[in-house]
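Residues per chain, in single letters:
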Amino acid sequence: MITRKDLTHIGWLSRLELSEKDIEKYTPKLNSVLDYFTELDDVDTEGVPPTYHVLPLSNVFREDEVSAQGGSLTQEEALSNAPKTQDGFFKAPRMM
Amino acid sequence: MYDNPDGVMIGLEVHVQLNKLKTKVFCGCVTDYHNDPPNSHVCPVCLGLPGSMPVINKKAVEAAIKIGLALNCKVEEHTQFYRKNYYYPDLPKGFQITQYDFPISSGGYVMIEGEDGELRVGITRAHMEEDPGRLVHEGTIDKSKYTLIDYNRSGMALIEIVSDPDMRSPKEARRYLDKLRNIVGYLDVFDGNLEGAMRVDANISIMGGQRAEIKNISSFKGAERALLFEIVRQKNVLRRGGVVVQETRHFDEAREITLSMRTKEEAHDYRYFPEPDLVPLKISGWAPAIKETLPELPDARRMRFVEQYGIKDDHAKALTSELKLAIFYEDVAKKADPKTAAVWVCDVLKGELNYRDLTVEAFKKEHMLSVLELLAGRKITEDGAVDIIRTLLDKGGSPEEIIKEKGLVIVAGDIVETAALEAIVENPQAAADYQAGKVKALNSLVGVVMKKTKGGADARKVREVLIAILSDGFYPPIEREKIEKTIIKIGDVMVEVSKPIANLLKKMGYV
């Protein structure tokens, strides 16, 4: 059961500011999603090894070699999507 | 027995950056960014741009296994990656790729010198993860308005080594860190001299309180200081009847204090889940093969040095503290007297290197061998040898050139002998005083000889010669029982010397 407090906490973890209206709206919605997961409880998993990964692959490696074109973007390219930059750095609000 | 009166428990999380790899852990960006402008070694993968996919660097996995083995860990056959979710500007993706369940290695230990003898520090786990970007704050972290971010470091391969809370004092923590750097340094997976190569977070509690996690420690010395401060702080809280709460604290290096970070931000809820973009690793068989390639590690090498070369354990410990130094010593010891070599490499050379902030690569093995050879042949004095080593480090050249230039060559034995006889003849009173039991009288004679040889003589040898002449009446002091002694008169003073010396003095026209 997801409470209003849980929802506020999840909002904080995602850095989302939730209004009173949002909380009213999403608390039952998330609960119904969670309820749907209980369907899984009915599946008989006796003797089935746990799934740690959904892909049937393993051991995909790359060699320790610099990728073509030097591997990297230019500084200009790297910063081209950033709303704010300074002296070649990305600039973000302070967080502590 | 160390009784740990405050019940201090310290556990450390050490991040080792695999900066000797050519590329980052999940992309082909180069790792050699330390002197380059910010954000000049980044790509869609390490910038976390949509649609990019990580692929793991095989060498990074091998390095992780090397570290796990060197820390006596069990290396797993199945290992995989997880997403650790949190929002912070150093993470462009909003999560860090790290390990959670199924870390690559766990359950090891490291032996350190504890407060009361050997201490076994357990290694909970040593797992792989990616380095976040580097944040630059204008001014101090609690006052700056915004954060500048450089993602060059983002995606560098890290090994996080988590210890059990087995250390009982800041000193033990420091020794653990030194030992860890020592061991990992042997594996050729990282360069400890580069900025950010090893970073520490510390967990510490004392009896009656909860633990604090200290972040932002930037050096081993800083770790020790932060822990010392934290013990005092926690004791004070308890003494005033307060409660030591579990929290994350920030070490302020300049002020040498720790500051509480606001509680809201430390409500960590990482929501780990398996990283869908990276498939699991099945690496059974890797560890035994890699084990074959591990070099002899510091503890084993130290024991072997003591046994094989008969040197002191202190010397062996210092000499094995760095792989390059150990190799340097061993190469020298094979061609010179190993004990003397240990003294000169460890007590002299290492000190001079540390003083200049240099590594052993700054000094040639051949030069150490010549210095040792010159010493063994009594061609130079010990002071002269130190002078040569210093000059080689400061100005370069060769030992032979320096000897010539500085006139360091030792004055030959017969010259010392003549000077000693002259000194006795010119100062018969001092000689007689010495023979009468006034040991200090010898010093003035040594001084005269040193003056006569312009400081080129080895003071120890001068003493030896003077004592031999004045006690045995002969130099070199051989076949003592056969020596016939005679009393000669120099000026008004009677001095007892051997007949050969008396004859020599007559021949020289002194008597």
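Residues numbered from 1 in each chain as written. Chains lettered and ligands numbered in written order. Predicted model: local features only at pLDDT ≥ 70, side-chain atom pairs only at ≥ 80, totals over all residues.

## Regarding the overall build of chain A
For step 1, the next point in the chain: Of the regular secondary structure elements, chain A holds three helices and three strands.
For step 2, the next point in the chain: Start at the N end of chain A and walk to the C end: the helices and strands fall as α-α-β-α-β-β.
For step 3, the next point in the chain: Scaling as 2.2 N^0.38, a compact globule of 96 residues should have a C-alpha radius of gyration of about 12 Å, whereas chain A reaches 23 Å, well beyond that.
For step 4, the next point in the chain: For chain A, the C-alpha atoms occupy an extent of roughly 55 × 45 × 20 Å along the three principal directions. (Helix = DSSP H or I, 4+ residues; strand = E, 2+ residues; numbered from the N terminus. Rg over C-alpha atoms; globule rule 2.2 N^0.38 Å.)

## Considerations on the confidence of the model for chain A
For step 1, the next point in the chain: Residue-level pLDDT values for chain A average 89, and 96% of them are 70 or greater.
For step 2, the next point in the chain: Ranking the helices and strands of chain A by mean pLDDT puts strand S1 (residues 61-62) of chain A first, with 96, and helix H1 (residues 4-13) of chain A last, with 88. (pLDDT = per-residue confidence, 0-100.)

## Side note on the packing of helix H7 (residues 323-333) of chain B against helix H9 (residues 365-376) of chain B
The relative placement of two packed helices comes down to the angle between their axes together with the axis-to-axis distance.
All names here are of chain B.
For step 1, the next point in the chain: Closest axis-to-axis distance for the H7/H9 pair is 10 Å, and the angle between their directions is 45°. When the interaxial angle is binned, H7 and H9 end up oblique. Considering the relative orientation of H7 and H9, their crossing is right-handed. Residues Phe328, Asp331 and Val332 of H7 form the contact with H9, whose participating residues are Lys365, Met368 and Leu369.
For step 2, the next point in the chain: Of the residues assigned to the contact of H7 with H9, the class counts are four nonpolar, no polar and two charged. (Axes fitted to C-alpha atoms, helices over the stretch in contact; angles between N-to-C directions. Parallel < 35°, antiparallel > 145°, perpendicular 65-115°, else oblique. Left-handed = near helix turned anticlockwise from the far one by under 90°. Contact = placed C-beta atoms within 7 Å. Nonpolar A, V, L, I, M, F, W, Y, C, P; charged D, E, K, R; others polar.)

## Section: the confidence of the model for chain B
All names here are of chain B.
For step 1, the next point in the chain: Confidence in the prediction for chain B averages 88 pLDDT; 92% of positions are at 70 or higher.
For step 2, the next point in the chain: Mean pLDDT across the secondary structure elements of chain B bottoms out at helix H16 (residues 499-507), with 68, and peaks at strand S11 (residues 157-163), with 98.
For step 3, the next point in the chain: A low-confidence stretch, residues 474-480 stays under pLDDT 50, and its non-local contacts, those more than four residues away or across chains, total 13 contacts.
For step 4, the next point in the chain: As scored by the predictor, the complex reaches a pTM of 0.78 and an ipTM of 0.89.

## Some points on the sheet that holds strand S3 (residues 74-75) of chain B
The pairing of strands in a sheet happens through backbone hydrogen bonds and is either parallel or antiparallel.
Residue and element names in this part refer to chain B.
For step 1, the next point in the chain: Strand order across the open sheet formed by nine strands is S3-S7-S8-S11-S1-S12-S13-S14-S15, with mixed pairing between neighbours. Looking at strand neighbours, the two that pair on one side only are S3 and strand S15 (257-260), the edges of this open sheet.
For step 2, the next point in the chain: When strand S1 (residues 9-17) meets strand S12 (residues 198-205), the two strands line up antiparallel, connected through eight bridges. Counterpart to Val16 in the pairing with S12 is Met198. (Pairing = 2+ DSSP bridges.)

## Points about helix H5 (residues 298-309) of chain B
Residues and elements named next belong to chain B.
For step 1, the next point in the chain: End to end, H5 covers 16 Å across twelve residues, agreeing with the expected 16 Å (1.5 Å per residue, within 8%).
For step 2, the next point in the chain: Looking only at H5, the buried set comprises Pro298, Arg301, Arg302 and Phe305. Projected down its long axis, H5 shows its buried positions confined to an angular sector of 105°, all on one face. Residues of H5 that are exposed and point more than 90 degrees away from the buried face comprise Ala300 and Glu307.
For step 3, the next point in the chain: Buried residues in H5 make contact with helix H2 (170-186), helix H6 (313-319) and H7.
For step 4, the next point in the chain: Backbone geometry just after H5 places Gly310 at a positive phi near 65°. (Expected span 1.5 Å × (residues − 1). Buried ≥ 20, exposed ≤ 12 C-beta atoms within 10 Å, placed from the backbone. Arc of directions from axis to C-beta.)

## Things to note about the nonpolar core
All names here are of chain B.
For step 1, the next point in the chain: Ranked by internal contacts, the top residues of the largest apolar core, which has 78 residues, are Ala60, Ile67 and Ala202.
For step 2, the next point in the chain: Ranked by residues supplied to this core, first place goes to helix H1 (residues 58-70) with eight residues.
For step 3, the next point in the chain: No fewer than three residues from each of domain 1 (14-196) and domain 2 (202-272) sit in this core.
For step 4, the next point in the chain: Apart from the residues within four sequence positions on either side, Ala60 is in contact with Leu18, Leu21, Val25, Met128 and Ala157.
For step 5, the next point in the chain: In terms of nonpolar packing, the next biggest core, distinct from the first, is built from 29 residues, Phe305, Val345, Leu374 and Ile403 among them. (Core = buried A, V, L, I, M, F, W, Y, C linked by C-beta atoms within 7 Å. Domains from an automatic or database assignment.)

## Quick look at the interface of chain A and chain B
For step 1, the next point in the chain: Counting residues at the interface gives 33 residues for chain A and 43 residues for chain B.
For step 2, the next point in the chain: Those elements that place two or more of their residues in the side of chain A that touches chain B are S1, helix H3 (75-79) and strand S3 (89-93) of chain A.
For step 3, the next point in the chain: Looking at the side of chain A that touches chain B element by element, the count peaks at five residues for S3(A).
For step 4, the next point in the chain: Split into classes, the residues belonging to the side of chain A that touches chain B amount to 17 nonpolar, nine polar and seven charged.
For step 5, the next point in the chain: Inspection of the sheet shows S3(A) paired to strand S10 (residues 146-150) of chain B by four bridges, in the antiparallel sense. Each residue of the ladder has a partner; that of A:Ala92, found in S10(B), is B:Thr147.

## Structural notes on the pairing of S3(A)
For step 1, the next point in the chain: Pairing of strand S2 (residues 85-86) of chain A with S3(A) involves two bridges; the strand directions are antiparallel. Its bridge partner being in S3(A), A:Thr85 is matched across the sheet by A:Phe90.

## Thoughts on H7(B)
Residue and element names in this part refer to chain B.
For step 1, the next point in the chain: Leu325, Ala326, Phe328, Tyr329, Val332 and Ala333 are the residues of H7 that are buried. For H7, the arc enclosing every buried residue in end-on projection is 160°, short of the 170-degree limit, so these residues lie on one face.
For step 2, the next point in the chain: Summarising the contacts, the buried residues of H7 are in contact with H5, H6, helix H8 (338-356) and H9.

## Here's the deal with the sheet that holds strand S6 (residues 95-98) of chain B
Residue and element names in this part refer to chain B.
For step 1, the next point in the chain: Here three strands make up an open sheet; going across it, the order is S6-S5-S16 and the pairing antiparallel. The open sheet terminates on both sides in strands that have one partner only, identified here as S6 and strand S16 (273-274).
For step 2, the next point in the chain: Sheet topology places strand S5 (residues 82-85) next to S6; four bridges connect them, and they run antiparallel. Residue Asn85 lies in a different strand from S6, and its bridge partner there is Phe95.

## Re unusual backbone geometry
All names here are of chain B.
For step 1, the next point in the chain: Even without a glycine there, the phi angle at Asp188 is positive, about 60°.
For step 2, the next point in the chain: By the secondary structure assignment, Asp188 is in the loop between H2 and S12.
For step 3, the next point in the chain: Residue Asp188 is classed as exposed on the basis of its C-beta count, with 12 C-beta atoms lying within 10 Å.
For step 4, the next point in the chain: In the Ramachandran plot, Arg271 falls in the positive-phi region, its phi being about 45° despite a non-glycine side chain.
For step 5, the next point in the chain: On the secondary structure map, Arg271 appears in the loop between S15 and S16.
For step 6, the next point in the chain: Owing to 13 C-beta atoms within 10 Å, Arg271 belongs among the partly exposed residues under this scheme.

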